Number of protein chains: 2
Amino acid sequence: MRLSRYFLPVLKEDPKEAQIVSHRYMLRAGMIKQQSAGIYSWLPLGLRVLNRIQQIVNEEQIRAGHVPVLMPTLQSADLWRESGRYDAYGPEMLRIKDRHDREMLYGPTNEEMITDMFRAHVSSYKSLPLTLYQIQWKFRDEMRPRFGVMRGREFLMKDGYNFDLTKEDALHAYNRHMVSYLRTYERMGLTAIPMRADSGPIGGEDTHEFLVLAQTGESEVFYDARVTELKLGDRSVDYDNREEVKAVCDEFTTLYARTDETHDEGIFAEVPEEHRRVARGIEVGQIFYFGTKYSEAMGATVVSPEGKQIPVEMGSHGIGVSRLIGAIIEASHDDKGIIWPEGVTPFPVGIVNLKQGDAATDAACDALYKGLAAKGLEALYDDRDERAGAKFATMDLIGLPWRITVGPRGLANGVVEVTSRRTGLSEEMSAEAAIAKIAAIYENI
Amino acid sequence: MRLSRYFLPVLKEDPKEAQIVSHRYMLRAGMIKQQSAGIYSWLPLGLRVLNRIQQIVNEEQIRAGHVPVLMPTLQSADLWRESGRYDAYGPEMLRIKDRHDREMLYGPTNEEMITDMFRAHVSSYKSLPLTLYQIQWKFRDEMRPRFGVMRGREFLMKDGYNFDLTKEDALHAYNRHMVSYLRTYERMGLTAIPMRADSGPIGGEDTHEFLVLAQTGESEVFYDARVTELKLGDRSVDYDNREEVKAVCDEFTTLYARTDETHDEGIFAEVPEEHRRVARGIEVGQIFYFGTKYSEAMGATVVSPEGKQIPVEMGSHGIGVSRLIGAIIEASHDDKGIIWPEGVTPFPVGIVNLKQGDAATDAACDALYKGLAAKGLEALYDDRDERAGAKFATMDLIGLPWRITVGPRGLANGVVEVTSRRTGLSEEMSAEAAIAKIAAIYENI
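Residues numbered from 1 in each chain as written. Chains lettered and ligands numbered in written order. Predicted model: local features only at pLDDT ≥ 70, side-chain atom pairs only at ≥ 80, totals over all residues. Heavy atoms only, no water.

**A few points about the domain arrangement of chain A**
Residues and elements named next belong to chain A. Looking at chain A, the domain boundaries give domain 1 (3–338) and domain 2 (350–442). With 16 residues of domain 1 in contact, the opposing surface of domain 2 contributes 13 residues. At the boundary of domain 1 with domain 2, total buried surface from both sides reaches about 1200 Å², with 57% on carbon and sulfur atoms. It is Leu 3, Lys 336 and Ile 338 that lose the most area in domain 1 upon contact with domain 2, and together they represent 43% of the buried surface on that side. Put simply, domain 1 and domain 2 have two salt bridges between them. (Domains from an automatic or database assignment. Contact = heavy atoms within 4.5 Å. Buried area = accessible area lost by both parts, 1.4 Å probe. Salt bridge = Lys/Arg side-chain N within 4 Å of Asp/Glu carboxyl O.)

Take a look at the structure:
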């Protein structure tokens, strides 16, 4: 993408309304624009990150054997009356009347609708196990929306729902989701710790939240420091193998890690003092096992192998897709701007032309741009007629992990400069070597 | 995808509520489920087609140099008061109050919001030309929703908006959209004819609708039959070349083709009688040039090269993404079910195992499945323990353009059977040849 043909409205000043760094940088880097309180437009750069996050979530859901669907944003109030949640849900639910005065709502979550979809179409245990998921916009009418996409009202969320014959099967689905989430977050460059939590309005007893440690987090968290060193890495996990999946869950949930809702001072005191940590965290996902809460209320039953009608065992599982962008920035930035992990960066690399309009420099940049494209890497090429300082400041602010700088002096020596956003270190090399280096970095991402 | 692990709830009976063939087949093939009047969930098979259509739309927009953004579904009423449309828009607009009693609406279109985004960030002619587009859910509270996704209330639409310095530039943007739309529809296997139309609540004088001919179409259309023979084909068009783009538009819009809104009996009478046609059409897109209607009302100006503040010239351009699925089915089906064009099919090919459980047949199907996957083709493999007749009926209903049938008798002769859904013709060949044949069909799609 050539910057001269793109829409990247970066701001020089810090917006007054932004209290936390992710909100500030998302506005300054031209990623989002507020349209109403807690409601944002996604500008081109922000949308690229949002799409990249969706892609990772989708890939890991498919890998775990889950099947994508897409439910509408508006739901009928009657469906929520069946579960009893229409009256129980507070003012965060946006209630709407259509032109025929029918009561609707903008879905804050989809347990009722997915249960309705299930009961309409599935009647035998032979169709189980089944996990359906979607990535769709949701709405929660927060009293005081703030912190940009971290606590917005209209937000993008992945929500998945498992349907199983037995509690044992449903707990395997729970574990399978935990492992798939661990891999999802790691691919985004995040350390997200599964913590015992409270189930809130979803219901059920078993639930873990995934938290990214950050000073700006809304939750107080208590954990054993050794839990932050655990990594799934690139080990392969067979999602059909219950023991293997459970072993991974045990590895990640044995050390103490709880939110304030479930924190227990007595058990925490048993953690060796040098490992005991109290900090703040950003919730980026949550998984639930709630058994037959919705299937009983809504009559979602299957015929068992013994010929009996039994309600299905269920759980639900969410990832805050739009909120994740805020969490990633909170976890990865410096005073010049964002530092994107390679897994989610809007562009893999930026090209800075130090002498726009100079025939040789322009030609070298063009060749570099095409060479990267031939490797499947779309660079963001700053081809504007701007000073080098302004170009560097923009690149630092928007946080592409790699930058290639091309100028007449380097070209005279047959080199360009490759710079890491994270370390700030630069290396000179031929354009061919630069392309090969960037391609190698992204080969397995 | 193995059917035993998928969610494909096909119906044997024709649903009573479905009056037209696309609605009937989308329900029967397990593509959608109605959740409220005119509001649908997308089941896995339907979602795959929806995603495929979005991919084609995106690719052709990017090819034309347009830049993707994403706006929220909910908008502030105040924004629509600026253009005067909040009061002018009828009961099709879904009006909402949030918990603080602020007036909101579920966007039926986005001219106001995109103009707001533009005025907030662009101030100089140097940023022009600029075309921004999105694919997002919209809501129109139809009095009587019907015909499935063809006249739904919550629907997915691509809407794009061009910002230009002069009327001449804006008309080039209009032409560029026309050509990109022609290519978009052709890639979906559709003949969509640009017809002179009426601009309705969007406003402006220049507008074309794109219509797919179908008996169930809601519009009466009048055209010269020779217009249906025009094809863009695989000619390359340089979207920056105004003359080249205009020549394509002239080619497609010179022959008579109008909706009833703009039909002129006098001019129509000049079409040679043997070419004169009156038929019905489904609207699948529309492009508008409306000049400064919104930019003047909302103060979206730029500084011109002469240093003057002038309102930008604009147009907007829509494709009915979810509705297209209905239109494609109306245009391509038979009495057994859907016949997907290769460009939009949910799976490129189906595999039918005639003797599930037979070790040799199962192994041959597995090898075929993996061989296709190695070519980047995800087959839908019917590995259920069902009669051959039921498997064939399902494949015919869901309409994958190619089917490979594997049974013990063929395997004894070293062959499988490759069948075209469109012609019904079958050919026997080795599994390797079948893979090569299917791969060749999809090579340029």
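This is not the end of the story, as more comes after the structure.
**Some words on the pairing of strand E19 (residues 350–353) of chain A**
All names here are of chain A. Neither face of E19 is left uncovered, since the one carrying Gly 350 and Val 352 and the one carrying Ile 351 and Asn 353 both have all their residues buried. Each parallel crossover has a hand, and for E19 linked through helix H11 (residues 359–374) to strand E20 (residues 380–382) it is right-handed. The pairing of E19 with strand E21 (residues 402–406) spans four bridges and is classified as parallel. Looking across to E21, one finds that Ile 351 is bridged to Ile 404. (Buried < 20%, exposed > 50% of the residue type's maximum accessible area, 1.4 Å probe, protein only. Helix = DSSP H or I, 4+ residues; strand = E, 2+ residues; numbered from the N terminus. Right-handed = clockwise from strand over helix to strand, strands pointing away. Pairing = 2+ DSSP bridges.)

**A closer look at the relation of the copies chain B and chain A**
In the superposition of chain B on chain A (RMSD 0.0 Å, axial shift 0.0 Å), the rotation amounts to 180°. This pairing of chains is accounted for by a two-fold axis. When C-alpha positions in chain B are compared against the rotation axis, the closest is assigned to Ile96(B), at 3.0 Å. Both copies share a contact surface, since 100% of the interface residues of chain B are interface residues in chain A too. (Least-squares fit on C-alpha atoms with pLDDT ≥ 70 in both.)

**Here we look at the interface of chain B and chain A**
In this complex, chain B contributes 56 residues to the contact, which on the side of chain A involves 56 residues. Along the contact surface separating chain B from chain A lie six salt bridges. Between Asp116(A) and Lys33(B) there is a salt bridge, with the nearest N and O atoms lying 2.9 Å from each other. The interface formed by chain B and chain A includes 20 residue pairs in polar contact (both at pLDDT 80 or more). For the side of chain B that touches chain A, a count of residues per class yields 34 nonpolar, eight polar and 14 charged. (Polar contact = N/O pair within 3.5 Å; in protein donor to acceptor, adjacent residues only side chain to side chain. Nonpolar A, V, L, I, M, F, W, Y, C, P; charged D, E, K, R; others polar.)

**Side note on the sheet that holds strand E4 (residues 74–76) of chain A**
Residues and elements named next belong to chain A. If you walk across this open sheet you meet the three strands as E4-E6-E5, and the pairing is antiparallel. The strands lining the two open edges of the sheet, one partner per strand, are E4 and strand E5 (94–97). With direction set aside, neighbouring strand axes in the sheet form an average angle of 40°. (Axes fitted to C-alpha atoms, helices over the stretch in contact; angles between N-to-C directions.)

**So, unusual backbone geometry**
All names here are of chain A. Here Leu 128 and Pro 129 are connected by a cis peptide whose omega angle stands at -5°. Phi is positive for Phe 147, which is not a glycine, with a value near 60°. Tracing the chain through its elements places Phe 147 in the loop between strand E7 (130–139) and strand E8 (154–164).

**What to know about the sheet that holds strand E5 (residues 94–97) of chain B**
Strands in a sheet are paired, the pairing made by backbone hydrogen bonds, and the direction either parallel or antiparallel. Residues and elements named next belong to chain B. Taken in spatial order, the three strands of this open sheet run E4-E6-E5, and their pairing is antiparallel. In this open sheet, the two edge strands, each paired with only one partner strand, are strand E4 (74–76) and E5. Going across the sheet, the axis of each strand differs from the next one's by a mean of 40°, ignoring polarity. Bridge count between E4 and strand E6 (residues 103–106): three bridges; the pairing is antiparallel. Paired with Leu 74 across the two strands is Tyr 106, which belongs to E6.

**Digging into the pattern of salt bridges**
When their charged atoms lie close together, side chains carrying opposite charge are able to pair. Evaluation of the coordinates by the stated rule reveals 60 salt bridges over all chains. Connected via shared salt-bridge partners are Glu59(A), Glu60(A), Arg63(A), Arg183(A) and Arg187(A).

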